[in-house]
Amino acid sequence: MLRIALIPMLRHHFTSAFRYRHRSTIQHFSLFVATLLLLLLQALPLFARSNDEQLVVQSHDRISAYMLKEYGTPSMLMGKNISTPLPPASLTKVLTSIMAIESGRLMQDVVITREATLVEPSKAGFTVGERIKLIDLVKAAMVSSSNDAAFAIGIYLSGSVDAFVEAMNYKARMIGMRNSNFTNPAGFDKGMYVGNLSTAEDLMRLTEYAIRNPTFNQIARLDHAVFVEQSTRKVYSLRTHNK
């Protein structure tokens, strides 16, 4: 049974923890919002000395909202403020990444635009004019929470950030995320991007939707990603921020 605990460990930020149990193998999939640490650990769960319920109870008074439920079942085991809109930060990249994966264009080259390079860190460090395969941009966004990768994905898929944001919000509604509003592909929530909001309940829906995709799960298992720029063969080596 896959148990999903969607827990904002930092004020106004969300953390998702997913535990896979299959026979003797325990895999733990965690998304930490500050850096979108998408890392699937083999054999050893991250919280080996604490089960999900204990983690939630211990953190209850320090967190703004959370949701704990069994995957594939409608009932919630535990929760707090599950419909309260809060900035999801880099969990926004889950939506950006699944949209890229579903586009059917993963093996196509993406030309990096100036707009994509001007975002705040964390960044992979792409330069204007470089050609990066879409699948490698997804890896950069998921593995190391690269904001330039997320913006490059959005601009490539929809032609502009604004058009991609419109597509993001449409996709969110199709998934059933009724109380979310996205303003950019990376998860910024200040300045021109203020109002990038979601809820624990909506992010749970997004998570359950995304993990049904085999490509998403394959990339989520990576703790590092190595790929090349298609023209110069420059090598990019990115690692998760997970400790």
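The following refers to the structure shown. Note that this is a predicted model, so its numbers are computed, not measured.

Some words on the nonpolar core
Counting residues in hydrophobic clusters, the biggest one holds 53 residues, and the most contacted among them are Leu95, Phe126, Leu134, Leu137 and Phe216. Of all elements in the fold, only helix H2 (92-102), helix H4 (134-143), helix H5 (147-158), helix H6 (161-175), helix H7 (200-210), helix H8 (214-220), strand E9 (224-228) and strand E10 (235-239) reach the threshold of two or more residues within this core. When residues no more than four places from it in sequence are discounted, the contact partners of Leu134 are Ala100, Ser103, Arg105, Leu106, Gln108, Val110, Ile153, Tyr156 and Leu157.

Here's the deal with the side chain of Ser145
Checked against the element boundaries, Ser145 lands in the loop between H4 and H5. Here Ser90 takes part through its side chain, which lies 3.0 Å from a polar atom of the side chain of Ser145.

So, the pairing of E9
Across the two faces of E9 the burial differs, with Ala225 and Phe227 buried and His224, Val226 and Val228 not buried at all. In terms of strand pairing, E9 meets E10 through 5 bridges, oriented antiparallel. Along E10, the bridge assignment pairs Val228 with Val235. Here E9 hands over to E10 after 6 residues, with Arg233 in that stretch at a positive phi of 65 degrees.

Topic: the pattern of salt bridges
Counted under the stated rule, the structure contains 8 salt bridges. Lys190 is the partner of Glu120 in a salt bridge, and the nearest nitrogen-oxygen pair spans 3.7 Å. Of the two residues, Glu120 is situated in the loop between helix H3 (114-117) and strand E8 (131-133) and Lys190 in the loop between H6 and H7; the sequence distance between them amounts to 70 residues. A salt bridge links Glu130 to Lys234; its shortest N-O distance comes to 3.9 Å.

Here's the deal with the packing of H2 against H5
As a packed pair, H2 and H5 sit with axes 10 Å apart at the nearest point and diverge in direction by 45 degrees. Taken together, H2 and H5 sit at an angle that is classed as oblique. Helix-helix and strand crossings are classified by hand; for H2 and H5 the assignment is left-handed. From H2, Lys93, Thr96, Met99 and Ala100 reach across to H5, where they touch Asn147, Ala150, Ile153 and Leu157. The residue makeup of the contact of H2 with H5, split by class, is 5 nonpolar, 2 polar and 1 charged.

Details of unusual backbone geometry
Note the cis peptide between Pro121 and Ser122, where omega equals 10 degrees. Mapping Ser122 onto the fold places it in the loop between H3 and E8. Even without glycine at this site, Ser145 takes up a positive phi of about 55 degrees. In the Ramachandran plot, Arg233 falls in the positive-phi region, its phi being about 65 degrees despite a non-glycine side chain. Inspection of the secondary structure puts Arg233 in the loop between E9 and E10.

Quick notes on the pairing of strand E5 (residues 66-70)
Most of E5 sits out of view: 5 of its 5 residues are buried. Neither face of E5 is exposed, since Tyr66, Leu68 and Glu70 on one face and Met67 and Lys69 on the opposite face are all buried. Where E5 meets strand E6 (residues 76-80), 4 bridges bridge the pair, whose relative direction is antiparallel. Its bridge partner lying in E6, Tyr66 is registered against Lys80.

So, the environment of Ala89
Summarising the element assignment, Ala89 is placed in the loop between E6 and H2. Considered as a pair, Ala89 and Leu197 are 108 residues apart in the sequence and their alpha carbons are 8.4 Å apart.

Focus: the packing of aromatic side chains
As enumerated under the stated definition, the model contains 6 aromatic pairs in all. Judged by centre distance (5.8 Å) and plane angle (70 degrees), the rings of Phe151 and Tyr193 are edge-to-face. Taken together, the residues span a long stretch of sequence, with Phe151 in helix H5 and Tyr193 in the loop between H6 and H7 at a distance of 42 residues. Relative to Tyr193, the ring of Phe188 has its centre 6.0 Å away and its plane inclined at 25 degrees; by these criteria the two rings are stacked. For Tyr193, a relative accessible area of 15% translates into the label buried. Ring pairs connect the aromatic residues Phe126, Phe227 and Tyr236, which therefore count as one cluster. Over the ring of Tyr156 we find Arg105; its NZ or CZ atom is 4.4 Å from the centre of that ring.

Cut-offs applied
Residues numbered from 1 in each chain as written. Predicted model: local features only at pLDDT ≥ 70, side-chain atom pairs only at ≥ 80, totals over all residues. Heavy atoms only, no water. Core = buried A, V, L, I, M, F, W, Y, C linked by side-chain atoms within 4.5 Å. Buried < 20%, exposed > 50% of the residue type's maximum accessible area, 1.4 Å probe, protein only. Helix = DSSP H or I, 4+ residues; strand = E, 2+ residues; numbered from the N terminus. Contact = heavy atoms within 4.5 Å. Polar contact = N/O pair within 3.5 Å; in protein donor to acceptor, adjacent residues only side chain to side chain. Pairing = 2+ DSSP bridges. Salt bridge = Lys/Arg side-chain N within 4 Å of Asp/Glu carboxyl O. Axes fitted to C-alpha atoms, helices over the stretch in contact; angles between N-to-C directions. Parallel < 35°, antiparallel > 145°, perpendicular 65-115°, else oblique. Left-handed = near helix turned anticlockwise from the far one by under 90°. Nonpolar A, V, L, I, M, F, W, Y, C, P; charged D, E, K, R; others polar. Phe/Tyr/Trp six-rings, centres within 6.5 Å; stacked < 30°, edge-to-face > 60°. Lys NZ or Arg CZ within 6 Å of the ring centre and 35° of its normal.

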